[in-house]
Amino acid sequence: MATKKTETKTNKTSTAAKAAPAAKPAPAKKPAATAKKPATAAKKPAAAATKPAPAKAAAEPAKASALVVGAAAPPFSLPADDGSTVSLKSLAGKRVVLYFYPKDDTPGCTREACAFQESAAALSKKGAVVLGVSRDSAAAHTRFKAKYGLGFPLLVDADGAVHRAYGAWGIKTMYGKKVEGVLRTTVIIDAKGKIEKVFPSVKVDGHADAVLAALG
């Protein structure tokens with residue numbers, strides 16, 4: 001009897017074991033996703049330092065005109081020390097000694113002006129009038145004339161336009177340095193308004209005599 005019970009028990013157990021569905025194995029855990037390293041972008045070579053564009057050359061100063069003997073003199077109309085206006089047209093029929101100088105009441109300019117004043121009578125006999133031109137103001141001209149008893153007009157060319165037209169403005173050497181400024185120049189204009197003679201790079205001493213000789 002005990003044996004039958006045991007067999008029955010065993011059979012039930014086997015049946016139960018068959019009936020019970022086999023436990024599904026736990027799904028294998030997916031390995032934790034390894035953090036993807038950001039793709040390292042290929043390092044671009046550092047941009048070569050761009051060379052700064054070369055600085056533009058400073059604008060060259062307006063070049064002075066080259067005067068040609070026999071050509072028409074550049075026209076001008078400038079204020080004078082006394083408030084009047086003097087033009088080349090107003091001097092038609094007269095020979096004109098037009099001299100350009102750097103500055104009133106400076107040593108070289110004073111000697112040049114006084115030499116022309118001393119030669120005033122001789123210049124007049126040649127039918128010539130003398131006109132001094134600088135970039136000084138009318139007031140500075142007035143003081144200069146009064147101080148040295150100058151009897152001829154001094155004209156104001158404030159912007160230097162007439163200096164350039166007559167070749168009296170450009171690069172020169174002063175105290176070993178190149179600077180832009182007035183080039184001491186004298187131009188003789190004949191009675192018909194044409195260039196008769198040009199004195200570039202004037203040396204003050206003896207210049208008035210050279211002008212008289214040229215007028216001869």
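Owing to the predicted nature of the structure, the values given are computational and were not obtained by experimental measurement.

Asks: Would you mind showing me how to read the overall build of the protein chain here?
Replies: Broken down by element type, the protein chain carries six helices and nine strands. Taking all 216 residues of the protein chain together, 32% fall into the buried category. The contacts in the protein chain between residues at least 6 apart in sequence include a share of 63% that link residues at least 24 apart.

Asks: Can you help me understand the pattern of salt bridges in this one?
Replies: Working definition: two side chains of opposite charge can pair if their charged atoms are close together. Evaluation of the coordinates by the stated rule reveals seven salt bridges. Here Arg95 ties to Glu196 by a salt bridge, and the two come within 2.4 Å at their closest N and O atoms. Taken as a pair, Arg95 in strand S3 (residues 95–100) and Glu196 in strand S9 (residues 195–199) lie far apart in primary sequence, 101 residues in all. With relative accessibility at 18%, the residue Arg95 sits in the buried group. A salt bridge links Arg111 to Asp205; its shortest N-O distance comes to 3.1 Å. Taken together, the residues span a long stretch of sequence, with Arg111 in helix H2 (residues 107–118) and Asp205 in the loop between S9 and helix H6 (207–215) at a distance of 94 residues. With a relative accessible area of 43%, Arg111 lands in the partly exposed category.

Asks: Which parts of the structure should I look at to understand the packing of aromatic side chains?
Replies: Centre-to-centre distance and the angle between the planes together describe a pair of aromatic rings. Applying the stated criterion across every chain yields a total of seven aromatic pairs. Consider the rings of Phe76 and Tyr166, whose centres lie 6.2 Å apart with planes at 70°: the pair is edge-to-face. In this pair, Phe76 sits in the loop between helix H1 (2–19) and strand S1 (77–79) while Tyr166 sits in the loop between helix H5 (161–165) and strand S6 (169–174), placing the two residues 90 residues apart along the sequence. Owing to a relative accessible area of 1%, Tyr166 belongs among the buried residues under this scheme. Relative to Phe152, the ring of Tyr99 has its centre 6.1 Å away and its plane inclined at 70°; by these criteria the two rings are edge-to-face. Highlighted residues: Tyr99 in strand S3 and Phe152 in the loop between helix H4 (138–148) and strand S5 (154–156), separated in sequence by 53 residues. Note on Phe152: relative accessible area 7%, which makes it buried. The ring of Phe199 is capped by Lys197, whose NZ or CZ atom sits 5.4 Å from the centre of that ring.

Asks: Would you mind going over the packing of H2 against H6 with me for this structure?
Replies: When two helices pack together, their arrangement is given by the angle between the helix axes and the distance between those axes. Orientation of H2 relative to H6, taken along the N-to-C sense of each, is 40°, at an axis distance of 8 Å. Taken together, the axis directions place H2 and H6 in an arrangement best described as oblique. Facing H2, whose interface residues are Glu112, Ala115 and Phe116, H6 presents His207, Ala208 and Val211. Along the lines of polarity and charge, the residues of the contact of H2 with H6 split into four nonpolar, one polar and one charged.

Asks: What's the story with the nonpolar core in this structure? I'm lost.
Replies: When a protein is soluble and globular, its nonpolar side chains tend to lie buried together. Core analysis: the biggest nonpolar cluster contains 20 residues, and Tyr99, Phe116, Phe152 and Val211 have the highest contact counts within it. Counting only elements with at least two residues in this core, the list comes to S3, H2, strand S4 (128–134) and H6. With four residues, H6 is the single largest residue contributor to this core. In this structure, Phe152 is in contact with Tyr99, Ala113, Phe116, Gln117, Val130, Gly132 and Lys145, ignoring residues within four places of it in sequence. Core analysis: the next-biggest nonpolar cluster, separate from the first, contains 19 residues, Phe76, Ala80, Val86 and Leu88 among them.

Asks: What am I meant to see in the pairing of S3 here?
Replies: Where a strand is regular, its side chains alternate between the two sheet faces. Within S3, six of the six residues are buried, leaving the element largely enclosed by the surrounding structure. Because side chains alternate across S3, one face comprises the buried residues Arg95, Val97 and Tyr99, and the other comprises Val96, Leu98 and Phe100, equally buried. Looking at chain direction, S3 and strand S8 (residues 185–189) are connected through five bridges and run antiparallel. Residue Tyr99 lies in a different strand from S8, and its bridge partner there is Thr186.

Thresholds, definitions, all that
Residues numbered from 1 in each chain as written. Predicted model: local features only at pLDDT ≥ 70, side-chain atom pairs only at ≥ 80, totals over all residues. Heavy atoms only, no water. Helix = DSSP H or I, 4+ residues; strand = E, 2+ residues; numbered from the N terminus. Buried < 20%, exposed > 50% of the residue type's maximum accessible area, 1.4 Å probe, protein only. Contact = heavy atoms within 4.5 Å. Salt bridge = Lys/Arg side-chain N within 4 Å of Asp/Glu carboxyl O. Phe/Tyr/Trp six-rings, centres within 6.5 Å; stacked < 30°, edge-to-face > 60°. Lys NZ or Arg CZ within 6 Å of the ring centre and 35° of its normal. Axes fitted to C-alpha atoms, helices over the stretch in contact; angles between N-to-C directions. Parallel < 35°, antiparallel > 145°, perpendicular 65-115°, else oblique. Nonpolar A, V, L, I, M, F, W, Y, C, P; charged D, E, K, R; others polar. Core = buried A, V, L, I, M, F, W, Y, C linked by side-chain atoms within 4.5 Å. Pairing = 2+ DSSP bridges.

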